[in-house]
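Single-letter residue listing:
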Amino acid sequence: MAIATPEQVHRYPRRFRIIFESLCAALVLIAMIYWGRAILQLAWDLWGRSLPKSLRVAPLIKAIQWLDNSGQRPEMRHFTDLLPAWLWLAGALLTTLYIRNFFPTVRTSGRGMLVEWSNSWAPVAWENVIGVRVTEDLAGERFVLLLQTDRKSLSGWHRFYSFLYRLSFRRGVIITSSISEFMPLIQTILRELEQVARQTGRAPVGLDERAASPFFQLLLSPAGFFSRRSKADKEYELQATEAARSARPGMVTTLMATYPRRIRSLLTGLAAVFAIWGILRTISILRRWIGSAFPATRDLAIFQLDPLPAYVSTWWVPIAAVLVLVLLLPLLIVIRNILPNVESRPQGLAVRFFNRWLLVPWGEITAVKSTELSEDNNVVLIQTTNRPLTIWHRASSLLFDGSHDRGVLLTSALSTFEPLMQQIVLEVSRGQRNVEREEGILNEDAPAWLLRLLFKPSEAISRLVAATRRDPETASLKYSRLIQSATPMIWLAALPTLMLLVDLLINSGLVPSLQRIISAVIFFVFCFLEWPLAAGLAQLLEGNLEDDAHRSRPFYLYPTVQLPRLLVMAGALVLLLLGVPLLPSLLWLAAAGWSFLLTAGLWDELYGWGSTKLLGMGAVPAVYQLLTFLAWISLT
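Model, not experiment: these values are computed from the prediction.

**Q** Just checking my understanding: could you explain the pattern of salt bridges for this structure?
**A** Oppositely charged side chains can pair when the atoms bearing their charge come close. Applying the stated criterion across every chain yields a total of nine salt bridges. Where Arg-107 meets Glu-7, a salt bridge forms, and the shortest distance between an N and an O atom there is 2.5 Å. Here Arg-107 is found in strand E2 (residues 106–108), whereas its partner Glu-7 is found in the segment before strand E1 (8–10), with 100 residues between them in sequence. Given a relative accessible area of 48%, Glu-7 falls into the partly exposed group. For Lys-456, the salt bridge is made with Glu-459, and the minimal N-O distance between the two is 3.9 Å. We classify Lys-456 as partly exposed; its relative accessible area is 35%. Since its relative accessible area comes to 37%, Glu-459 is described here as partly exposed. Here the salt bridges do not stand alone but share partners, grouping Asp-445, Arg-452 and Arg-463 into one network.

Following this line, the structure appears as structure tokens:
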């Protein structure tokens, strides 16, 4: 006699729901404000402008100015002008629908499951389940499970989750390991599916670990996404390893090393999206300029757009359009080639660059820097002289350790990573005796602070503080070391300044002037002052003021710890360049929140402060960046 499965309820932590519900509420509120303002602006343009000035009483002047925004927006004449506002509102509501139900409560019993959906329940019978797919992180500690059903269960809205998981259109529900009693839930699902298979005589629906989701692999473990090789490469790797063992110094076996399809698709797709978006952005700017600069073209529907505002100089608009492509081009080249396929040859290391191979002779390799982010996650930088590679390969060294030499990044996701590194080390070590340098070519434990802070911030901060304490030169303030430490802060101040110039010169179409250049310089200095302010306050609040090291080390450590903010602000700059609304501001605020966590971790490791003092000092850079953000808004 079978024992009925008792009903169980699995819920996500309340903090998850509160965070996502707050984000959804903020998104809908912003979209509603934008939508309501558009309706009021249309009403003002249709009927309000004809009102006599005597009726515009003083208390309403601010509201009228906010609605009118004279000279800053095109005049609205038809109800079709409300279409963008309606689209934004519909998009916000649709996004809220899916985000709000992304972490549903799940109830299981012997008959099936009940999945929470829009304050109701969507039933799923066990016999209607047709697939169970799972994705795990690199450490095997966090999981994302997709349970797919036939058309008799769930709703058409649930097709989105299968599409998000792996571009499928079946109905499905996503369950993450953050839900309560996740492993018992998985065991219950598999046990019930086995029982259904025995009763119906069909093949059992098992846990499919091969159909992992690249998207959730990237979210769960970015380090694992770029370091874990494809399972299909194992056989080829064994052959390559055997070939590498038979190699001798000066007799290199040709060995190809390629990245998994998920990495190639991500980088190629990202570059393609940015390229298409940039071209469309440029065309949009040029369409409006042609319609305003050449009256004869206004009879064509494609150029029947609102005229340029009075403050915009017509001759500058095409230059601004070209600047969009000029600024995007380096980013596209770097993204497309940041992780290239390589091939070891007797003559040297061949590096793939677009559709051609660049040969780096073994004698041209000047450094091999390796860092181990985890047991199965290694990143290697092969640096060369300035001859074999292109100028775009400097970005690899810049991302790895902030240097400026041309180089190639290699990760352990390469199909033949270990035998390839054996060959490289063999050839480099063979030629190292002819190189006169103190530190040598090989560096098996390179700092790579940006990568370490991105993937393992706590461990990276501990290593950074320990390395600084071992260095006797950091016990006092020295001008040369301060200049070296200031480099990350210069980049952190330059990105918001570039965002200011992009918004003024490209998005607003303003002509460069001496006043705007001076404003940008002052804004840069204001951003740069975050470093001495945060480090100086930490110095003053540290009780052991008699120790010179306690007074000097905050100035050396603070800029390096803030390195991860560079990627967030770079993303905000790109989105602003592409004309994406709202998201650049949200990324800026996210960078401020991230700086709070990084700074608090630094002061905790360096000084061991208590919770109240730690929270207060960690909030200093976040508050300062909020002030910087408000200054940017006022200037734009």
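From this point on, the discussion continues.
**Q** Is there a simple way to explain the pairing of strand E7 (residues 171–176) in this structure?
**A** Looking along a regular strand, one sees side chains alternate from face to face of the sheet. Of all six residues in E7, six are buried, a share of seventy percent or more. What you see with E7 is no split at all: Arg-171, Val-173 and Ile-175 on one side and Gly-172, Ile-174 and Thr-176 on the other are buried throughout. In this sheet, E7 lies alongside strand E6 (residues 143–149) in antiparallel orientation, the contact comprising six bridges. Note on E7: the bridge partner recorded for Gln-148 is Gly-172.

**Q** Explanation requested: the sheet that holds E7 in the structure shown.
**A** Adjacent strands of a sheet form backbone hydrogen bonds with each other and so pair up, either parallel or antiparallel. Taken in spatial order, the four strands make up an open sheet running E7-E6-E5-E8, and their pairing is mixed. In the strand order of this sheet, the two ends are held by E7 and strand E8 (207–208), each with one partner. Sheet topology places strand E5 (residues 129–136) next to E8; two bridges connect them, and they run parallel. Paired with Arg-133 across the bridge in E8 is Asp-208.

**Q** Could you clarify how one ought to interpret helix H1 (residues 14–46) in this entry?
**A** Residue pairs spaced three or four apart in an α-helix point in one direction, given the helix's 3.6 residues per turn. The end-to-end C-alpha separation of H1 is 48 Å, in line with the 48 Å expected for 33 residues at 1.5 Å each. Within H1, burial applies to Cys-24, Ala-31, Trp-35, Ala-38, Gln-41, Leu-42, Trp-44 and Asp-45.

**Q** Can you walk me through the packing of aromatic side chains in this structure?
**A** Here the distance between the centres and the angle between the planes together describe a pair of aromatic rings. All told, the structure shown has 25 aromatic pairs when counted by the stated rule. A centroid spacing of 5.0 Å and a plane angle of 75° characterise the contact between Phe-353 and Phe-354, whose relative ring orientation is edge-to-face. Given a relative accessible area of 7%, Phe-353 falls into the buried group. An aromatic cluster of at least three residues, connected via ring pairs, comprises Tyr-12, Phe-20, Tyr-98, Phe-102, Phe-103, Trp-117, Trp-157, Phe-160, Tyr-161, Tyr-165, Phe-215 and Phe-216. A cation sits over an aromatic face here: Arg-107 above Trp-121, 5.1 Å from the ring centre. The ring of Tyr-556 carries the charged tip of Arg-481 above its face, separated from the ring centre by 5.6 Å.

**Q** What exactly am I supposed to notice about the environment of Tyr-556 here?
**A** Inspection of the secondary structure assignment puts Tyr-556 in helix H18 (residues 548–561). Remark: the alpha-carbon pair of Tyr-556 and Leu-482, spanning 74 residues in sequence, is separated by 6.7 Å. Setting aside its immediate chain neighbours within four residues, Tyr-556 contacts Glu-473, Thr-474, Ser-476, Leu-477, Lys-478, Arg-481, Leu-482 and Ser-485.

Parameters and conventions
- Residues numbered from 1 in each chain as written.
- Predicted model: local features only at pLDDT ≥ 70, side-chain atom pairs only at ≥ 80, totals over all residues.
- Heavy atoms only, no water.
- Salt bridge = Lys/Arg side-chain N within 4 Å of Asp/Glu carboxyl O.
- Helix = DSSP H or I, 4+ residues; strand = E, 2+ residues; numbered from the N terminus.
- Buried < 20%, exposed > 50% of the residue type's maximum accessible area, 1.4 Å probe, protein only.
- Pairing = 2+ DSSP bridges.
- Expected span 1.5 Å × (residues − 1).
- Phe/Tyr/Trp six-rings, centres within 6.5 Å; stacked < 30°, edge-to-face > 60°.
- Lys NZ or Arg CZ within 6 Å of the ring centre and 35° of its normal.
- Contact = heavy atoms within 4.5 Å.

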